[in-house]
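Results of the structural survey
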Amino acid sequence: DGGITQSPKYLFRKEGQNVTLSCEQNLNHDAMYWYRQDPGQGLRLIYYSQIVNDFQKGDIAEGYSVSREKKESFPLTVTSAQKNPTAFYLCASSPGDRANEKLFFGSGTQLSVL
Amino acid sequence: AQSVAQPEDQVNVAEGNPLTVKCTYSVSGNPYLFWYVQYPNRGLQFLLKYITGDNLVKGSYGFEAEFNKSQTSFHLKKPSALVSDSALYFCAVRDRQAGTALIFGKGTTLSVSS
C-alpha cells in the first residue's frame, strides 16, 4: 500500500449526513481514482482525476462528489443522496494517465450506515 | 465499451497442485490487461500486466498469465499453489486509448487447502 494513505479505516454515517473519505498520496502521481467494492460485485469506478483541478465521473458517480485542489489529495464525499453507501472504498493512484500504468492502492475505508 | 468477466466466483485447489483463475475481456481495440490480488481488509496489490510482445507474462510470487487474443482471455496460472496464495484475485482491462480508466472483473476467491 506504500505511499497512499486512506482515512479513516472505519466510518459510520447517520441518515441524511454527508461524510468525507480522505485519500493522500506522496508518490507524486498525477492520476487518482476512487473505487467502490461490494461483495460479489468487484470494484466499480466512482470518479477519477488525471490532473489537478480536473476529474471525470465513473460508472457509479451518483450520490458522490470529489475535489482535486492539490496533486496529493483526492477526497471523496458520500452525500445523503447516496441511498446505499455501505461498502469498502478504495483510493488508487498512477503516475500518469497512460493506459499501461499499474495502479497503487490504499488500504481502504469501510463505510457503514448507523 | 470495455468489460471483463471472471466466470468463477471461487476456485479450490490443494497445495502443490497447479492453479488457474480464468479471465475473459471485451474491448473495442487492443487491450492492456492486469491481475491484482487482495488480502482480507486490504487494498489491491499488482501481480502482473500484459502490454505487448510475449503472450506469456511472468509476475510476482511465481504467478504468470497467458494472453490469448483469439479467445480474448488472460488466465492467471501458477504451477504449484501455496496456502498463502489464498486471496481474492481481480482481472482488469484498459483500452489502449488514454483517458479511459481501468475496469475490474468481479473477482475470484482462491482457496488453497493444505
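**What about the overall build of chain A?**
- From N to C terminus, chain A includes zero helices and eleven strands.
- Going from N to C terminus, chain A has its helices and strands arranged as β-β-β-β-β-β-β-β-β-β-β.
- Against the globule reference of 13 Å for 114 residues, chain A gives a C-alpha radius of gyration of 13 Å, in line with a compact fold.
- Across its three principal axes, chain A shows a C-alpha extent of roughly 40 × 25 × 25 Å.
- Taking all 114 residues of chain A together, the buried fraction comes to 49%.
- Sequence-distant contacts, at least 24 apart, represent 53% of the contacts inside chain A between residues at least 6 apart.
- Separation of charge centres in chain A, based on 12 positive and 12 negative side chains, amounts to 5 Å.

**Concerning the interface of chain B and chain A**
- The interface of chain B with chain A comprises 25 residues on the first partner and 25 residues on the second.
- Summing both sides of the interface, chain B and chain A together bury roughly 1,900 Å²; the carbon and sulfur share of this comes to 54%.
- Of all residues in chain B, L44, R94 and F104 of chain B give up the largest surface area on contact with chain A, accounting jointly for 24% of the area buried on that side.
- Applying the counting rule to chain B against chain A returns zero salt bridges.

**What to know about the sheet that holds strand β7 (residues 64-66) of chain A**
All names here are of chain A.
- What the four strands build is an open sheet, ordered β1-β3-β8-β7; its pairing is antiparallel. Strands with a single pairing partner mark the edges of an open sheet, and in this sheet they are β1 (4-7) and β7. Strand-to-strand twist across the sheet, computed as the mean angle between neighbouring axes with direction ignored, equals 20 degrees.
- As paired strands, β7 and strand β8 (residues 76-78) are joined by three bridges and run antiparallel to one another. Bridge pairing in β8 places S65 opposite T77.

**Here's the deal with the pairing of strand β2 (residues 10-14) of chain B**
Residue and element names in this part refer to chain B.
- Of the two faces of β2, only one is covered, namely that formed by V11 and V13; the face formed by Q10, N12 and A14 stays uncovered.
- Inspection of the sheet shows β2 paired to strand β12 (residues 108-113) by five bridges, in the parallel sense. By the bridge assignment, Q10 is partnered in β12 with T109.

**Some words on the pairing of strand β6 (residues 54-57) of chain A**
Residues and elements named next belong to chain A.
- By the bridge criterion, three bridges tie strand β5 (residues 42-51) to β6 in an arrangement that is antiparallel. Looking at β6, one finds that Y47 is bridged to K57.
- In this antiparallel pair of consecutive strands, β5 and β6, the connection spans two residues, and N53 shows a positive phi of 65 degrees.

Each value, and the rule that gives it
Residues numbered from 1 in each chain as written. Chains lettered and ligands numbered in written order. Predicted model: local features only at pLDDT ≥ 70, side-chain atom pairs only at ≥ 80, totals over all residues. Heavy atoms only, no water. Helix = DSSP H or I, 4+ residues; strand = E, 2+ residues; numbered from the N terminus. Rg over C-alpha atoms; globule rule 2.2 N^0.38 Å. Buried < 20%, exposed > 50% of the residue type's maximum accessible area, 1.4 Å probe, protein only. Contact = heavy atoms within 4.5 Å. Lys, Arg positive; Asp, Glu negative; His and termini not counted. Charge placed at Lys NZ, Arg CZ, Asp CG, Glu CD. Buried area = accessible area lost by both parts, 1.4 Å probe. Salt bridge = Lys/Arg side-chain N within 4 Å of Asp/Glu carboxyl O. Pairing = 2+ DSSP bridges. Axes fitted to C-alpha atoms, helices over the stretch in contact; angles between N-to-C directions.

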